[in-house]
Amino acid sequence: MASRLRKFGITAVSAAIGAGFVTWALDQKPPAYTVSSEAKAPPKRKSTLPPRTEQVKAIQSGQDYDVLIIGGGATGAGCALDSVTRGLKTALIEMDDFASGTSSRSTKLIHGGVRYLQKAILGLDYEQYRMVKEALEERANMLESAPHLAHPLPIMLPVYQWWQVPYYWVGIKCYDLVAGGRNVKSSYLLSKKEALELFPMLKKEKLCGAIVYYDGQQDDARMALAVALTAARHGATVCNHTEVTQLIKKPDENGNQVLCGAKCRDVITGKEFTVKAKCIINATGPFTDSIRKMDDPSVKSICCPSSGTHIVLPGYYSPEQMGLLDPSTSDGRVIFFLPWQRQTIAGTTDTPCEVTRTPAPTDDEINFILTEIKHYLNADVDVRRGDVLSAWTGIRPLVSDPNKDDTQSLARNHIVHVSKSKLITIAGGKWTTYRAMAEHTIDAAIKACNLKPERPESVTHLMKIEGGQGWTPTMYIRLVQDFGLECEVAQHLAKTYGDRAFAVAKMASLTGKRWPIIGNKIHPEFPYIDAEIKYGVREYAMNAVDMIARRLRLAFLNAQAASEALPAIVDIMGEELKWSKDEKEKQIKKARDFLNLEMGQQASTKTRDLALDLTNDEVSMYTKRFSLIDKDKKGFVSINDIRRALKSFGDADVSGEQLHDILKEIDTNMNGQVELDEYLQMMSAIKTGHVAYSRFAMMAEMEEQKQEAESLKKKITVDRSGGGL
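Just so we're clear, the structure is a prediction, and the values are computed from it rather than from any experiment.

Visitor: I'd like a description of the overall build of the protein chain, backed by residues and values.
Guide: The helix and strand inventory of the protein chain stands at 24 helices and 20 strands. Residues counted as buried form 55% of the 725 residues belonging to the protein chain. Counting only contacts in the protein chain whose residues sit at least 6 apart along the sequence, the fraction spanning at least 24 positions is 72%. Only carbon and sulfur atoms are counted for the fraction: they give 53% of the accessible area of the protein chain, which is about 32200 Å².

Written out as structure tokens, the structure is:
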């Protein structure tokens, strides 16, 4: 009883402190967003996106820019858009692809940070409160500026101890209050019965109820790309696959060495050139220190990289429109469990790491996430390692503030730093606040480098980004009716490209069927169509990884499906980019290496080391059966091979889920494909009685029987040959 009274007291005190703190904080109103009366209207965007060849030609021409931005992630793209819409001549370069780093590997949430608000209230920390307030303002801005790529998402916080119900309820209500008029939707309390109706996979035992609150969800890579393309339409020169090799300085009027440009290299052609600029902005995320040391080798490192791993599970792990928050994992972290593009994302971890261009998830991180989500799911949901369709790791660029004497403590928010040579560094922060970070950065650049913009203040607040201007929630119906697209495909195009979906649909090829009329899928389990590959090249995709990871999100949703779709994708890209046969093969290999390393296909448990109890004749027989299914002689059997074999037996209606089940019963190393040794081990286990039945083994036997029957038909009988005479 004493323990319960103590917990009730903690809850009551927390509620009182929270209510008092929020009331005080809300009275400290920040200045409202205003636009100077001197500011001109933002420039009109171009109706046609400049082709990449024009962008490359412009940046290599030797012309002078006001601003050169290094880094094509969310922050760099945001800086480019803010700069060019103020009337500054702007260029952006990215050594890989837009959003190829951390910006495409997030939790896909647009949020203010519930746990930051908790710390702000319990610690009476006004700085944390302001950070949450700004993020909630920017959350509303993102939902409005890119309605096709971002949407509100309800997130359930299940409660398993009665005293936590009022504690969490007060905290979530404070979250709503801080958002004020920019709140997405109001949170609400659920009984145990109501919670299980909305989230039937939830563990029932000891459940007291749940609280549902709202945040936003986005397609992060497409969002960053859309911001960069919007900047390009407004006149910015944006070039991916272009790296900085050296920063150039010259003396100013006081004799101080200041930056005046950068030596760059086109990664695709190898051509080197110089870009002249009055101001250079370092927006390179985890690579912040490499550019800072290029400017001044003596500076101390400020980036403290931390890796965050996420996994993707099948869609049946979560309801289609309800996420889940685990507020206290076994090691004190927060785990999100969210529906995303018909699959389920779970994550994240938080581990110190080294900065690398190829971060890869480990099996330990994947298993940690699986273990944590088991605690909240009922016994009917068997959380299996083999259900992990994809896994990725992003590097969080946590930074210490070089503007402060104490550089050991990490900055809670983003920092903008100006070096002695006028290098503007923007670091830290979060995806949600990319626009505000860009605004603060360009403000600092104008002041430090004495730039003369046409519009002194930012005009990006609530500006619609690429695809958002003409988008409506029912726009997909027009795509179905006007073009004859499958409904699922039309919905996907509308949500991915917004009002540009019509331009994509016009590039789609005929199916040759009664319905759908156009739109050939590149993989039968996903709504991606051939036209998106062609359009992706016009969105500056230059290799197969750009396409499968960031123009389409197939690599993030299902790494094995991405591998299966690669040949078709590379063929279409090859036509657009004039690739040779050798180049196509190189692209497929590089993309599969990317899937193996960075999308989790290698992060699997080792094949079980079992002795084979098979005779030489049995090994030969089973090897022959395996090769009959592996018609392309890849050395493994994919889900497409299984589909093809079943179709030849008349089982054309087997669902994708059933196909994956057949694969997983034999895929012991869980890499989404069946190798010969796995098949032989299965047959050995069947022979010894360790395994009673295998659908894959039966399918292989049927394939052999079918091949033998067809071989007999082809033999010419003695009668037909004229008796052999």
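Visitor: Break down the environment of S290 for me, with residues and values.
Guide: Assignment of secondary structure puts S290 in helix α9 (residues 288-295). By relative accessible area, which is 41% here, S290 ends up partly exposed. As for S290 and S301, which are separated by 11 residues in sequence, their C-alpha atoms are 8.7 Å apart. Side-chain polar atoms of S290 contact the backbone oxygen of F287, separated by 2.6 Å.

Visitor: Describe in detail the packing of helix α16 (residues 544-551) against helix α19 (residues 581-598), supporting the description with residues and values.
Guide: A pair of packed helices can be characterised by two numbers: the angle between their axes and the separation between those axes. Running from N to C, α16 and α19 cross one another at 40°; their axes reach a closest spacing of 8 Å. In terms of orientation, α16 lies oblique with respect to α19. Of α19, the residues touching α16 (which contributes A544, V545, I548 and A549) are Q587, K590, A591, F594 and L595. Its residues assigned to classes, the contact of α16 with α19 shows seven nonpolar, one polar and one charged.

Visitor: Residue-level account of the pairing of strand β10 (residues 272-282), with values.
Guide: With six bridges connecting them, strand β1 (residues 64-70) and β10 associate as parallel partners. Counted as the bridge partner of D64 is K276 from β10. Judged from the five bridges that link them, strand β9 (residues 257-266) and β10 form a sheet pairing that is antiparallel. Of the residues in β10, the one forming a bridge with G261 is K276. If you look at the hairpin formed by β9 and β10, you'll find five residues sitting between the two strands, and G270 has a positive phi there, around 85°. With three bridges joining them, β10 and strand β18 (residues 423-427) adopt parallel strand pairing. In the strand pairing of β18, N282 is matched with T425.

Visitor: Go over the nonpolar core with me, naming the residues and quoting the values.
Guide: Counting residues in each nonpolar core, the largest one holds 55 residues, and the members touching the most others are L479, L485, L493, I569 and L595. Sorting the residues of this core by element identifies α12 (475-483), α13 (487-497), α14 (501-505), α15 (530-538), α16, α17 (554-557), α18 (559-577) and α19 as the ones contributing at least two each. Take this core: its biggest share by element is nine residues, from α18. Residues Y434, I446, C449 and Y540 belong to the second largest nonpolar core, which totals 49 residues.

Visitor: Mind laying out the packing of aromatic side chains, listing which residues take part and the relevant values?
Guide: Considering all chains together, one arrives at 15 aromatic pairs under this definition. Between W431 and Y434 the ring centres are 5.6 Å apart and the planes differ by 75°, which places this aromatic pair in the edge-to-face class. What makes W431 buried here is its relative accessible area of 11%. Following the ring pairs from residue to residue traces out a cluster consisting of Y622, F626, Y679 and F696. Residue placement shows K89 over the ring face of Y65; its charged tip is 5.6 Å from the ring centre. Positioned over the ring face of F556 is R553, at 4.5 Å from the centre of the ring.

Analysis parameters
Residues numbered from 1 in each chain as written. Predicted model: local features only at pLDDT ≥ 70, side-chain atom pairs only at ≥ 80, totals over all residues. Heavy atoms only, no water. Helix = DSSP H or I, 4+ residues; strand = E, 2+ residues; numbered from the N terminus. Buried < 20%, exposed > 50% of the residue type's maximum accessible area, 1.4 Å probe, protein only. Contact = heavy atoms within 4.5 Å. Areas by Shrake-Rupley, 256 points an atom, 1.4 Å probe, with all protein chains shown as cover. Polar contact = N/O pair within 3.5 Å; in protein donor to acceptor, adjacent residues only side chain to side chain. Axes fitted to C-alpha atoms, helices over the stretch in contact; angles between N-to-C directions. Parallel < 35°, antiparallel > 145°, perpendicular 65-115°, else oblique. Nonpolar A, V, L, I, M, F, W, Y, C, P; charged D, E, K, R; others polar. Pairing = 2+ DSSP bridges. Core = buried A, V, L, I, M, F, W, Y, C linked by side-chain atoms within 4.5 Å. Phe/Tyr/Trp six-rings, centres within 6.5 Å; stacked < 30°, edge-to-face > 60°. Lys NZ or Arg CZ within 6 Å of the ring centre and 35° of its normal.

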